[in-house]
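Below are the chains, spelled out letter by letter.
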Amino acid sequence: MEISYGLQGSGPPLLLLHGYPQTKRVWDKVAARLAEGFTVVTADLRGYGESSKPAGLPDHSTYSKRAMAQDQVELMRLLGFEHFAVAGHDRGGRVVHRMCLDHSDTVTMAVVLDILPTTEVYESVDRELATAYFHWFFLEQANDLAERLIDSNPDAWIDHVLGLTGGAGSIVLKDVEHYRSIFRDPATVHATCEDYRAAATIDLDHDRADRGNLVACPLLVLWGERGLLAQREDPLAVWRRHAKDVRGSQLPGGHFVVDDCPEAVADQLANFLSGSPDTISPLTPPADVGF
């Protein structure tokens, strides 16, 4: 398994993980700011970007969050980091959650951005969530329907998933083109579908087996004020059912909060990792706009 990564800065080690349908590139602005005080590693998850894209197995274990977390732990060890902090957005956040449970002696501090635990999502599905998260249920279908449809027009799929069909977003054109080019590879499309199939099957099995096993390290939860989480849930209350030490804040932006407000994200991470109380902000009323 080959995991593509970038490395910059000096100081305590920090691993940054991206979500769907993005790559490590999403962290460029945040990493540049954090590199002033941390050794920052940005990595592509298996199946994404320039990392290996093995074919999925029938039980979808190839793309379980357990396997994806193990990749990243092994990468950090190869770089000389036995203990490190980690932050993940979207799918990367789910890898972070599993990493905290499977490697509690390795992860020193953790950050999840704009997600709730996978079990919480599947156990609270209603019309609103199924509409907003329709891609979860599309990509997880057991046959290759999703692959064949996305492969027929990957650029249109990426534009839709990134929220660009309704107008310009905060993701700059060169990054959009980067994500389009990545999804023109059928191996990426298959691998990322397998990521979602794993979430609906083996990941749920792992998470339910660990129900009651709480994240032990300090956990920072960040979410966008225009995202669905801000309208449906109290993210801190939900995560306190899954972790011992939870703090967090709502940030300006939507689901793609790393793109929407990289400076604010970098400041929150730096304050949290340095032990500053500034990471705990008063919650503002949720916005009316959904993800």
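Scroll up to find the structure.
What comes next is a walk through the structure. (Residues numbered from 1 in each chain as written. Predicted model: local features only at pLDDT ≥ 70, side-chain atom pairs only at ≥ 80, totals over all residues. Heavy atoms only, no water.)

### Some words on the packing of aromatic side chains
Part 1 of the reasoning: Per the stated rule, a full pass over the model turns up nine aromatic pairs.
Part 2 of the reasoning: Plain terms: the ring middles of Y20 and Y48 are 6.4 Å apart, the flat faces sit at 90 degrees to each other, and that makes the pair edge-to-face. With Y20 in the loop between β2 (13-17) and α1 (28-34) and Y48 in the loop between β3 (39-43) and α2 (65-78), the pair connects residues that are 28 residues apart, well separated along the chain.
Part 3 of the reasoning: Taken together, the aromatic side chains of Y20, Y48, Y122, Y133, W136, F137, F183 and Y196 make up a single cluster linked through ring pairs.
Part 4 of the reasoning: The ring centre of W136 lies 5.3 Å from the NZ or CZ of R91, which sits over that ring.
Part 5 of the reasoning: In this structure, R91 is placed above the aromatic ring of Y196, and the distance from its NZ or CZ to the ring centre is 3.7 Å. (Phe/Tyr/Trp six-rings, centres within 6.5 Å; stacked < 30°, edge-to-face > 60°. Helix = DSSP H or I, 4+ residues; strand = E, 2+ residues; numbered from the N terminus. Lys NZ or Arg CZ within 6 Å of the ring centre and 35° of its normal.)

### Considering the sheet that holds β3
Part 1 of the reasoning: Pairing is mixed in the open sheet, where seven strands are placed in the order β1-β3-β2-β4-β5-β6-β7. Unpaired on one side and paired on the other, β1 (5-8) and β7 (246-251) mark the two borders of the sheet. The sheet shows a mean angle of 15 degrees between the axes of neighbouring strands, direction not considered.
Part 2 of the reasoning: Where strand β4 (residues 84-89) and strand β5 (residues 107-113) come together, five bridges link them in parallel fashion. Bridging across to β5, H89 finds its partner in L113. (Pairing = 2+ DSSP bridges. Axes fitted to C-alpha atoms, helices over the stretch in contact; angles between N-to-C directions.)

### Quick word on empty space enclosed by the protein
Part 1 of the reasoning: Here the structure, examined in full by the defined rule, presents three cavities of 30 Å³ or more.
Part 2 of the reasoning: If you go around the second largest cavity, the residues you meet are R94, D114, I115, L116, V121, S124, L129, Y133, L228, L229, R232 and E233.
Part 3 of the reasoning: The greatest single-element share of the lining of the second largest cavity, amounting to three residues, is contributed by helix α12 (residues 228-232).
Part 4 of the reasoning: Partitioning the lining of the second largest cavity into residue classes produces seven nonpolar, one polar and four charged. (1 Å grid on protein atoms, 1.4 Å probe; cavity = no way out; pocket = protein on both sides within 12 Å on 5 of 7 lines; lining within 4 Å. Points joined across faces, edges and corners; volume = space filled by probe spheres on them. Nonpolar A, V, L, I, M, F, W, Y, C, P; charged D, E, K, R; others polar.)

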